[in-house]
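Working through the structure, step by step
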Amino acid sequence: MSASQIPPATAVPGDDVPTLLVKIFGKDRPGITAGLFDTLAAYSVDVVDIEQVVTRGRITLCALVTSPSPAQGTTGSSEGDLRATVHSWAESLNLQAEIISGRGDNRPRGTGRSHVTVLGHPLTAETAAAIAAAITASGGNIDRIFRLAKYPVTAVEFAVSGAATEALRTVLAPEAAQLGVDIAVVAAGLQRRAQRLVVMDVDSTLIQDEVIELFAAHAGCEAEVAEVTAAAMRGELDFEQSLHARVELLGGLDASVVEAVRKEVRLTPGARTLVRTLKRLGYQVGVVSGGFTQVTDALKEELGLDFASANTLEIVDGKLTGRVTGGIVDRAGKARLLREFAQQAGVPLAQTVAIGDGANDLDMLNTAGLGVAFNAKPVVREAAHTAVNVPFLDTVLYLLGITREEVEAADTHVG
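Residues numbered from 1 in each chain as written. Predicted model: local features only at pLDDT ≥ 70, side-chain atom pairs only at ≥ 80, totals over all residues. Heavy atoms only, no water.

Read from one edge to the other, the open sheet built from four strands follows the order β2-β3-β1-β4, with strand pairing classed as antiparallel. The open sheet is flanked by β2 (47-55) and β4 (96-103), the only strands paired with a single partner. Going from strand to strand, the sheet's axes swing by 10° on average, the running direction of each strand aside. Direction of pairing for β2 relative to strand β3 (residues 58-66): antiparallel, over a ladder of eight bridges. Note on β3: the bridge partner recorded for Asp49 is Leu64. Strands β1 (18-27), β2 and β3 of the sheet are contacted by helix α1 (residues 32-41), whose axis makes an angle of about 25° with β3. Packing against the sheet, helix α2 (residues 79-92) makes contact with β1 and β4, and its axis sits at approximately 155° to β4. (Pairing = 2+ DSSP bridges. Helix = DSSP H or I, 4+ residues; strand = E, 2+ residues; numbered from the N terminus. Axes fitted to C-alpha atoms, helices over the stretch in contact; angles between N-to-C directions. Contact = heavy atoms within 4.5 Å.)

All right, on to the pattern of salt bridges then. Scanning all chains against the criterion turns up 16 salt bridges. In this structure, Arg83 engages Glu79 in a salt bridge whose closest nitrogen and oxygen atoms are separated by 3.1 Å. On the criterion of helical spacing, the pair formed by Arg83 and Glu79 is a turn pair, its members being four residues apart in helix α2. Owing to a relative accessible area of 23%, Arg83 belongs among the partly exposed residues under this scheme. Measuring nitrogen to oxygen at the nearest pair gives 2.9 Å for the salt bridge that ties Asp201 to Lys334. Within this pair, whereas Asp201 is found in the loop between β9 (197-200) and α5 (211-219), its partner Lys334 is found in helix α11 (residues 331-345), the two being separated by 133 residues in sequence. Of the two residues examined, Asp201 and Lys334, each falls in the buried class. Through salt bridges with shared partners, a single ionic network connects Asp201, Lys334 and Asp361. (Salt bridge = Lys/Arg side-chain N within 4 Å of Asp/Glu carboxyl O. Buried < 20%, exposed > 50% of the residue type's maximum accessible area, 1.4 Å probe, protein only.)

Looking now at the sheet that holds strand β8 (residues 182-187). One open sheet holds the four strands; their spatial order is β6-β7-β5-β8, and the pairing between them is antiparallel. Two strands in the sheet have a free side with no partner beyond their single neighbour: β6 (141-149) and β8. Shown here is a sheet whose adjacent strand axes are inclined to one another by a mean of 20°, direction ignored. Here strand β5 (residues 113-120) pairs with strand β7 (residues 154-161) via eight bridges, running antiparallel. Residue pairing across strands places Leu119 opposite Ala155, the latter belonging to β7. With respect to the sheet, helix α4 (residues 165-179) is in contact with β5, β7 and β8, its orientation differing from that of β8 by roughly 180°.

Okay, the confidence of the model for the protein next. Detail in the predicted coordinates should be disregarded across regions flagged by low pLDDT. Looking at the protein, pLDDT values average 90 and 92% of them are 70 or higher. Contacts from residues 72-76, a stretch scored under 50 in pLDDT, to residues over four places away or in other chains number two contacts. (pLDDT = per-residue confidence, 0-100.)

On to the packing of helix α9 (residues 271-280) against helix α15 (residues 404-412), then. The interhelical angle for the contact between α9 and α15, taken along N-to-C directions, is 80°, at an axis separation of 11 Å. As the angle between them shows, α9 and α15 are arranged roughly perpendicular. Residues Thr273, Arg276, Thr277 and Arg280 of α9 form the contact with α15, whose participating residues are Arg404, Val407, Ala410 and Asp411. Looking at side-chain class alone, the contact of α9 with α15 contains two nonpolar, two polar and four charged residues. (Parallel < 35°, antiparallel > 145°, perpendicular 65-115°, else oblique. Nonpolar A, V, L, I, M, F, W, Y, C, P; charged D, E, K, R; others polar.)

α2 packs onto α1 with a crossing angle of 155° between their chain directions and a minimal axis gap of 10 Å. Comparing the axis directions of α1 and α2 gives the class roughly antiparallel. Considering only the axes of α1 and α2, their crossing is right-handed. Two secondary-structure elements touch here, α1 through Ile32, Gly35, Leu36, Thr39 and Leu40 and α2 through Leu82, Thr85, Val86 and Trp89. Residue composition of the contact of α1 with α2, by class: six nonpolar, three polar and no charged. (Left-handed = near helix turned anticlockwise from the far one by under 90°.)

Next up on the list: the pairing of β8. Within a regular strand, the side chains alternate between the two sheet faces. Counting buried positions over the six residues of β8 gives five, a clear majority of the element. Where β5 and β8 come together, six bridges link them in antiparallel fashion. Its bridge partner lying in β8, Thr117 is registered against Ala184.

Laid out in structure tokens, this is it:
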């Protein structure tokens, strides 16, 4: 077909154009959607909008169509015939039909669109009611609700229009704390599906352990080191000073302890799934750590990470000296490394996601487009964009709009 033969695009119906909302309810089975539109085709109507949802085997199918033109050779409208035919077709399949007359398309959605993701374990009706009420009170309208996952947590996403993202986040943050659920609010738009960079802390985020405490256990000073670590993560001590104080206690350990510690490291549940899924989607993934390259380099190789940076334990003559070499990866250093990784990846900072649990992650979380506090200390939860308080790292995927079904499908099709 030549360009001159291409028919002009059908104009969007104006507010004065008669339209019909055709709603079908009942037990789902193959062929319902095709059957409805075959029935409507006899009346030469145009499709304005379609939406279909199946919940526990029950279908709700909605079609917004233009009203049929008056039948040729008659003075009446064929809308009555269409109604009778649709109801007859629905009854033949033990379905219910409802047809509502109106004019024009759906009303325009309000400006300011956001995705509100809720993680519940479980998600109660009381929680859903409170969240919906808070969205309404903020001036937002819920356009659509979609389940992302049913395990290991229940994750649902609300598509909201009419309220600014930051305003929604401010309103919903205290609701999340009061209700005991996790709520993330991100702006809608193409950027959500663009290439992204995800950068994680390591200790107590990507892995379950604090690496320096694993080393300390071999040196017999685990309790002393653990107390200093906890104080630093709470923001009570300067990180660099605390790092030097803890590393000094490791002086004299045989270098063979490095391999022993690597074997003791335990990945956080869901860590492999998170990284594997992100990589399959074309994301770039990195880690920054106040721990040690002797461990992060091994994790980078094992998981196929794109970036990794940490402190380095000094080893001389086969012994740990109790010192670190090179620059220190501290709170400011993590944010700096996030920027460097983003530049190398060719990803704008607005498209970066940072995940961490401690006070030394705060600058990184606030620098990223989305900062996620993962099972974090209170000071971190309060300052981050959103928080995840379940012990499964792959739940972060739901905040990016990735469903559990998509994750499982990807695993099934990759050998």
